[in-house]
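Examining the three-dimensional arrangement
The lines below spell out each chain.
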Protein chains: 2
Amino acid sequence: VWYVSRSPMLLNITLSLTAASVGFQLIPAFRESFITAHLFGIDLNKKTGEKVAEAQGVVVAALFLMVMFLFIPFPFAASWTNRRESFPFPQLMEFLASLLSICCMIFLGFADDVLNLRWRHKLILPTLASIPLLMVYWLNIGRTSVMVPLPLQPLFGEWIDLGFLYYAYMGSLAVFCTNAINILAGINGVEVGQSMVIGASIIINNIIQLSGDHTHHHRFSLYLMVPFLIVSSPLLYYNWYPSKVFVGDTYCYFAGMTFSVVGILGHFSKTMLLFFIPQVLNFVYSLPQLFRLIPCPRHRMPKYNPDTGLLETSKAVFAIAELPTAGKVVFKVLTRLRLVEVVTLPCEESNKEGKNKKTTEPKVAMSNLTLINFILILVGPTHEARLTWYVLVLQVLCNVFGFWIRYGAAGWIYKEVS
Amino acid sequence: VWYVSRSPMLLNITLSLTAASVGFQLIPAFRESFITAHLFGIDLNKKTGEKVAEAQGVVVAALFLMVMFLFIPFPFAASWTNRRESFPFPQLMEFLASLLSICCMIFLGFADDVLNLRWRHKLILPTLASIPLLMVYWLNIGRTSVMVPLPLQPLFGEWIDLGFLYYAYMGSLAVFCTNAINILAGINGVEVGQSMVIGASIIINNIIQLSGDHTHHHRFSLYLMVPFLIVSSPLLYYNWYPSKVFVGDTYCYFAGMTFSVVGILGHFSKTMLLFFIPQVLNFVYSLPQLFRLIPCPRHRMPKYNPDTGLLETSKAVFAIAELPTAGKVVFKVLTRLRLVEVVTLPCEESNKEGKNKKTTEPKVAMSNLTLINFILILVGPTHEARLTWYVLVLQVLCNVFGFWIRYGAAGWIYKEVS
Ligand SMILES: [Mg+2]
Ligand SMILES: [Mg+2]
């Protein structure tokens, strides 16, 4: 049923390369209109204080949509003439539902960049936008059972049917992916860089699996991921240190939704999550601040030291006595495990920070709980471009580890791995 | 195949009403964030010079998408259990392709409001975004032949197959509808008002046809048009004279694409165009200025007279001798037919307008070629709220005329009308 010829893939690559070359020209061409529209940021890690156009992810996202619109008819080239009889409707539906969800997230991301939406608005639309995706999953795949790891099999049996829970898991995948990329951010090039490494890992996995039982799923994923990777490259170019443009929430949402779409409809969402190890680590490490157990400043990106030109850990300043009980415990554990850098501030400085109320409570400055700050704790003050490289190398190493879990270690906890 | 029960329509109405009531609260709640994001305009027809939030169509458009995402599963309720066997894939595909095109246009419209896109960008994306729509048309309907009017039948036969041309026509429908609404604009409430009248006419036509041969098409159209009409109402409320918010290109694009989607996939696009008579008149009347045969100022909306508080025709000032030849002919014809108001400016004023070069060329001020200015020529200076009413009454009358052509006059030029 599915058109097996290789030519759609070649066309896909050609269209993507064309779009990327258009992107190389469009991004600088659009800079001024973005700044005129007050869509700009000041790079806090630079001395210049120049205006940098924000939300430029919208340009490559629009190019991605155009590539896909032009491409969709071609995988079905052989079926166009025999219309109703044997047309692979389920496959066309996959494309439509995927692009619908992705387009919806691009729209939401751009609206967030422009309007600074609240959390509740940022959760409702992506959740609803994944309904069509889940419907198509139900119709085309519908499998909700997962294999139980060997040590737990005596308890649950070989397979466990998660039923509705599996749909809840998939529905929250989009929200997780988008926000996971969005919070591993703050230095030039890191959002696009990590997304492109994840994208490349997904592509490699798809190619490995292409000869397996689920050729169709992995070919579908390639049709989306290859354009994603290629059209992202001009953005990486302009977003690399020193950034000419910022990518905005738009790009993070676009990337996150594209990953979850191929993970869900390609039925390899668990493998895909193995490529999110740095994001998961960053998320877990951030939790105490996200849940406000420990005070969370508005920006947690590393701090630029204008004297050395290097980035240092940024700090949250607070009095330990004022933390909630859970916060005190977390703080103690983090300090014991040397997972944070803590400086006890001298008392006069404490008073200055104490906003007019005279307190003798000693205050501490703790490094903010982000993976990037943690890297800075390990390696010391670092130049921004080098720090981006560290994050990306870590992403590559984690993804290699992910491949090893998927294709090496999985044999020890599951009987058979397809 | 198609789920015939009436309950999906009730659910559709309920969801839409809920969304509309949310909209009534969200629009004023979002006003500040839009103004903070520099998305505002100054109402040129008011004395106050107050900032009015722009692009608020994006709020109702997002609500529309949410209603549709929640609604889609329900028309298929009866088919969910018998998955692959007899699921009505083509019908689900219609929803997905429609929402994809609409979502894409909302995104483009919002980007246009924020970034003031150029014409070429505004033409490419909607054209590509209609590819999925045309694919679904090909698969689900595929008819490209149109009935020839009786007087021409001796020449062409009873039916003529337009083939590829019919797809080109449908592809340009979206571009036409969106821009047609966008240029019949400039006074409070007129964009939403006309869209709601057109929407109501489409709904009435769908209800008339519901008992006919194409029940499915018209039910599909109702599923989209009813939410459109209902969620638009809070926007009309806040956009009505004196406007608290402006609707933006976002709303015009959203409305135009929704109309063309139901027209194309409901296979009643020619009937739908009958409800666009005022827009077509406005478009044709505007052509000399759109093609720059006659100079076109940036804003062509009526001019506010602060002394009387009434709107008067806005004028384009130029020297007749400087017009291109075609422009001179058009100007002569328009003047002869009394379709424009022309004032010959006294010579000293001509000199003042002539930007430092001393010219003795007599200049004229001609009313701008918009339907709204033409109404002002007929009725004289008018209050803005009353003028909006005139446009909407004209829209209603033209749509009644459209119904008469469709159900009355069509009998004279076609043998049978379904
Ligand atoms: Mg934001
Ligand atoms: Mg505009």
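No experiment lies behind these values; they were computed from the predicted model shown.

Calculation rules
- Residues numbered from 1 in each chain as written.
- Chains lettered and ligands numbered in written order.
- Predicted model: local features only at pLDDT ≥ 70, side-chain atom pairs only at ≥ 80, totals over all residues.
- Heavy atoms only, no water.
- Contact = heavy atoms within 4.5 Å.
- Buried area = accessible area lost by both parts, 1.4 Å probe.
- Salt bridge = Lys/Arg side-chain N within 4 Å of Asp/Glu carboxyl O.
- Polar contact = N/O pair within 3.5 Å; in protein donor to acceptor, adjacent residues only side chain to side chain.
- Helix = DSSP H or I, 4+ residues; strand = E, 2+ residues; numbered from the N terminus.
- Least-squares fit on C-alpha atoms with pLDDT ≥ 70 in both.
- Pairing = 2+ DSSP bridges.
- Axes fitted to C-alpha atoms, helices over the stretch in contact; angles between N-to-C directions.
- Buried < 20%, exposed > 50% of the residue type's maximum accessible area, 1.4 Å probe, protein only.
- pLDDT = per-residue confidence, 0-100.
- Patch = residues over 30% accessible without salt bridge, like charges linked within 9 Å, V, L, I, M, F, W, Y side chains within 5 Å.
- Areas by Shrake-Rupley, 256 points an atom, 1.4 Å probe, with all protein chains shown as cover.
- Expected span 1.5 Å × (residues − 1).
- Bend = angle between axes of the 7 residues up to and from the residue.

Here we look at the interface of chain B and chain A
Reports of interface size often rely on the accessible area that becomes lost once the parts have come together. Opposite the 50 residues of chain B that make contact, chain A presents 50 residues. Counting the surface lost from both chain B and chain A, the interface buries some 4700 Å², and carbon and sulfur atoms represent 85% of this. For the chain B face of the interface with chain A, the top three residues by lost area are B:Phe69, B:Phe107 and B:Leu139, together amounting to 15%. The interface formed by chain B and chain A contains zero salt bridges. The interface formed by chain B and chain A contains one residue pair in polar contact (both at pLDDT 80 or more). Sorting the residues of the side of chain B that touches chain A by element identifies helix H1 (7-36), helix H2 (57-71), helix H3 (83-86), helix H4 (89-115), helix H5 (119-129) and helix H6 (131-140) of chain B as the ones contributing at least two each.

Some details on the relation of the copies chain B and chain A
Between the two copies, chain B and chain A, the superposition gives an RMSD of 0.1 Å; the rotation angle is 180° and the shift along the axis is 0.0 Å. Put plainly, the chains are arranged around a two-fold axis. Both copies present the same face, since 100% of the interface residues in chain B are matched by interface residues at the equivalent positions in chain A.

Looking at the sheet that holds strand E8 (residues 342-344) of chain B
All names here are of chain B. Strands sit in the order E7-E9-E8 across an open sheet of three strands; the sheet is antiparallel. The sheet terminates laterally at strand E7 (315-319) and E8, the two strands that pair on one side only. On average, adjacent strands in this sheet sit at an angle of 25° to one another, irrespective of strand direction. Alignment of E8 against strand E9 (residues 363-367), held across three bridges, turns out to be antiparallel.

Remarks on the pattern of salt bridges
Residue and element names in this part refer to chain A. Counted according to the given criterion, the structure contains eight salt bridges over all chains. Among the ionic pairs, Lys46 bridges to Asp43, the shortest N-O distance being 2.9 Å. Owing to a relative accessible area of 16%, Lys46 belongs among the buried residues under this scheme. Here Lys315 makes a salt bridge to Glu341, at a shortest N to O gap of 3.2 Å. Note that Lys315 is positioned in strand E7 (residues 315-319) and Glu341 in the loop between helix H14 (325-336) and strand E8 (342-344), a separation of 26 residues in sequence. Among the residues examined, Lys315 registers a relative accessible area of 28% and is labelled partly exposed. Of the residues examined, Glu341 reaches a relative accessible area of 29% and is grouped as partly exposed. Look at the salt bridges and you will find they share partners, linking Asp43, Lys46 and Glu384 into a network.

Description of the confidence of the model for chain A
Low pLDDT means the predicted atomic positions in that stretch should not be read closely. All names here are of chain A. Across chain A, pLDDT averages 89, with 92% of residues at or above 70. Contacts of residues 1-5 to residues separated by more than four positions or lying in other chains number 16 contacts, the stretch itself having pLDDT below 50. If you check the scores for this complex, the pTM reads 0.92 and the ipTM reads 0.91.

Quick word on the sheet that holds strand E9 (residues 363-367) of chain A
Hydrogen bonding along the main chain pairs the strands of a sheet, whether they run parallel or antiparallel. Residues and elements named next belong to chain A. Reading across from one edge, E7-E9-E8 is the order of the three strands in this open sheet, with antiparallel pairing throughout. Edge positions in the open sheet fall to E7 and E8, since each of these has one partner strand only. Averaged over all pairs of adjacent strands, the angle between their axes in this sheet comes to 25°, without regard to strand direction.

Regarding helix H16 (residues 371-379) of chain B
What sets the pattern is the α-helix's 3.6 residues per turn: residues three or four places apart point alike. When H16(B) is considered as a whole, its buried residues turn out to be B:Leu371, B:Ile372, B:Asn373, B:Ile375 and B:Leu376. Phi for B:Gly380, located one or two positions after H16(B), is positive at around 80°.

Brief notes about a nonpolar patch on the surface
Taken together, B:Val280, B:Phe283, B:Val284, B:Leu290 and B:Phe291 make up a surface patch of nonpolar side chains, about 430 Å² in accessible area. Accessibility expressed as a relative area gives 62% for B:Phe291, which makes it exposed.

Some points on the environment of B:Glu312
All names here are of chain B. Note that Glu312 resides in strand E6 (residues 310-312). Separated by 10 residues in the primary sequence, Glu312 and Pro302 have C-alpha atoms spaced 5.7 Å apart. Dropping the residues within four chain positions of it, Glu312 is found in contact with Pro302, Lys303, Asn305, Asn373, Leu376 and Pro381.

Considering helix H1 (residues 7-36) of chain A
All names here are of chain A. If you check H1, its first and last C-alpha atoms are 43 Å apart, about what 30 residues at 1.5 Å a residue would give, namely 44 Å. The principal kink in H1, of about 35°, is found at Phe30. Every buried residue of H1 is listed here: Pro8, Met9, Asn12, Leu15, Ser16, Ala19, Ala20, Gly23, Ile27, Phe30, Phe34 and Ile35. Backbone geometry just downstream of H1 places His38 in the positive-phi region, at approximately 60°.

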